[in-house]
Amino acid sequence: VTETYDSNVFFTPKSLLEPGLKPEDFITQITPQINLAHQGSRVRGSFAVGGLVSMYARNHNLNYTGINASGRLDLKNYADRISQRINSLGLFGTYQFTPSMSAFGAQMGGGIGAGAGVTTLTSPLNTGLVTNRVYTHNMNFGINAGYLLTRTTTVTGTYNYSKIMFGGQSGGVENQLFDTDGHQANMTIANQLSLRDTVGTTATMSHFDQGGNTGGSSSFTTFNGTLNWARK
């Protein structure tokens, strides 16, 4: 449980606020969470679900409740029944819903007044200046696997699907926001030359489809490749 004081919860110059509005407020934030884990002979996994409850002492109409969930399955032991060469196999996923404010450059992390994300392997594009509250759904699902080609050569790959969707905005504002579907995949081949040296290459592909809430859509794809050398 946290308590925060904010001198202006409306993100608007006080001179422009309607008469009677109370910009100063105290916000009580409660973040309960439940974590579950299972470790069996074939399948291991974990699951977590939590909430984000924010209550305003003076502006009760700003109260909101968000949720988040995440899960992961390790299927390596189960994959051993198929082939001993499979050295990793897993599934993972996350979901977050928040109706909080978003601000430029802030990460999606549940902070008061911060709800903008960043472009990473596990998050689609979601960066911009949004000064009003917006309902946001952020989903992410993926699979990772590794296979031993020879005693010294390993290939690993990851596929990640991410989606961000925006809902209604507060104050009757309709800022241009872009719902985004992201597909990201990478593959790495690593060869152990000696006890100390491992070399290889990684190829990555990212594809994003975006649709604006006020019209318009676009898509783009990027490719990236690296040469890797690791020495212990």
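For clarity, every value in this text was computed on a predicted model and none was experimentally measured.

Turning next to the overall build of the protein chain. Of regular secondary structure, the protein chain possesses 1 helix and 11 strands. Ordering the α and β elements of the protein chain from the N terminus gives β-β-β-β-β-α-β-β-β-β-β-β. When burial is assessed residue by residue, the protein chain has 33% of its 232 residues classed as buried. Taking the intrachain contacts of the protein chain between residues at least 6 apart in sequence as the baseline, contacts between residues at least 24 apart amount to 55%.

On inspection of all chains with the given rule, the structure shows 5 salt bridges. The partner of Asp197 in a salt bridge is Arg231, with the nearest N and O atoms 2.8 Å apart. Here the residue Asp197 occupies a position in strand 10 (residues 197–212), and Arg231 occupies one in strand 11 (residues 217–231), the gap between them amounting to 34 residues. Assessed through its relative accessible area of 11%, Asp197 is described here as buried.

A grouping of Ile34, Leu36, Phe47 and Val49 is seen on the molecular surface, where their side chains present a nonpolar patch of about 370 Å² in accessible area. Contributions of two or more residues to the nonpolar patch are made by strand 3 (33–39) and strand 4 (44–56).

With respect to the helices and strands, Asp6 occurs in strand 1 (residues 2–6). Between the C-alpha atoms of Asp6 and Pro23, which are 17 residues apart in sequence, the distance is 8.1 Å. In this structure, Asp6 is in contact with Pro23, Glu24, Asp25 and Ile27, ignoring residues within four places of it in sequence. For Asp6, the side chain forms a polar contact with the main-chain nitrogen of Asn8, separated by 2.9 Å.

How two aromatic rings sit relative to each other is given by the distance of their centres and the angle of their planes. Under the criterion given, the structure shown has 3 aromatic pairs. Here Tyr5 and Phe26 contribute two aromatic rings whose centre-to-centre distance is 5.2 Å and whose plane-to-plane angle is 50°, an arrangement assigned as tilted. Of this pair, Tyr5 sits in strand 1 while Phe26 is found in strand 2 (residues 25–30), placing the two residues 21 residues apart along the sequence. According to the relative accessible area criterion, Tyr5 is partly exposed, its value standing at 45%.

Attention now goes to the environment of Ile86. Inspection of the secondary structure assignment puts Ile86 in strand 6 (residues 86–98). Note on Ile86: relative accessible area 16%, which makes it buried. Those residues within four positions of Ile86 in sequence are excluded, and the remaining contacts are Lys76, Ala79, Asp80, Gly146 and Tyr147.

What follows covers the confidence of the model for the protein chain. For the protein chain, the average pLDDT comes to 83, and 83% of its residues sit at 70 or higher. Here strand 8 (residues 153–169) is the element of the protein chain with the lowest mean pLDDT, 91, and strand 3 is the one with the highest, 95. Segment residues 102–130 is flagged for pLDDT under 50; beyond a separation of four residues in sequence, or across chains, it makes 76 contacts in the model.

Below, the discussion takes up the side chain of Thr188. Note that Thr188 resides in strand 9 (residues 178–192). A residue is classified by how much of its surface remains accessible, and Thr188, at 18% relative accessible area, is buried. For Thr188, the residues in contact, after removing those within four places along its chain, are Thr154, Val155, Thr156, Thr201, Thr202 and Asn228.

We now examine the environment of Val134. Summarising the element assignment, Val134 is placed in strand 7 (residues 134–148). A C-alpha to C-alpha distance of 9.7 Å links Val134 and Glu174, two positions 40 residues apart in sequence.

Cut-offs applied
Residues numbered from 1 in each chain as written. Predicted model: local features only at pLDDT ≥ 70, side-chain atom pairs only at ≥ 80, totals over all residues. Heavy atoms only, no water. Helix = DSSP H or I, 4+ residues; strand = E, 2+ residues; numbered from the N terminus. Buried < 20%, exposed > 50% of the residue type's maximum accessible area, 1.4 Å probe, protein only. Contact = heavy atoms within 4.5 Å. Salt bridge = Lys/Arg side-chain N within 4 Å of Asp/Glu carboxyl O. Patch = residues over 30% accessible without salt bridge, like charges linked within 9 Å, V, L, I, M, F, W, Y side chains within 5 Å. Areas by Shrake-Rupley, 256 points an atom, 1.4 Å probe, with all protein chains shown as cover. Polar contact = N/O pair within 3.5 Å; in protein donor to acceptor, adjacent residues only side chain to side chain. Phe/Tyr/Trp six-rings, centres within 6.5 Å; stacked < 30°, edge-to-face > 60°. pLDDT = per-residue confidence, 0-100.

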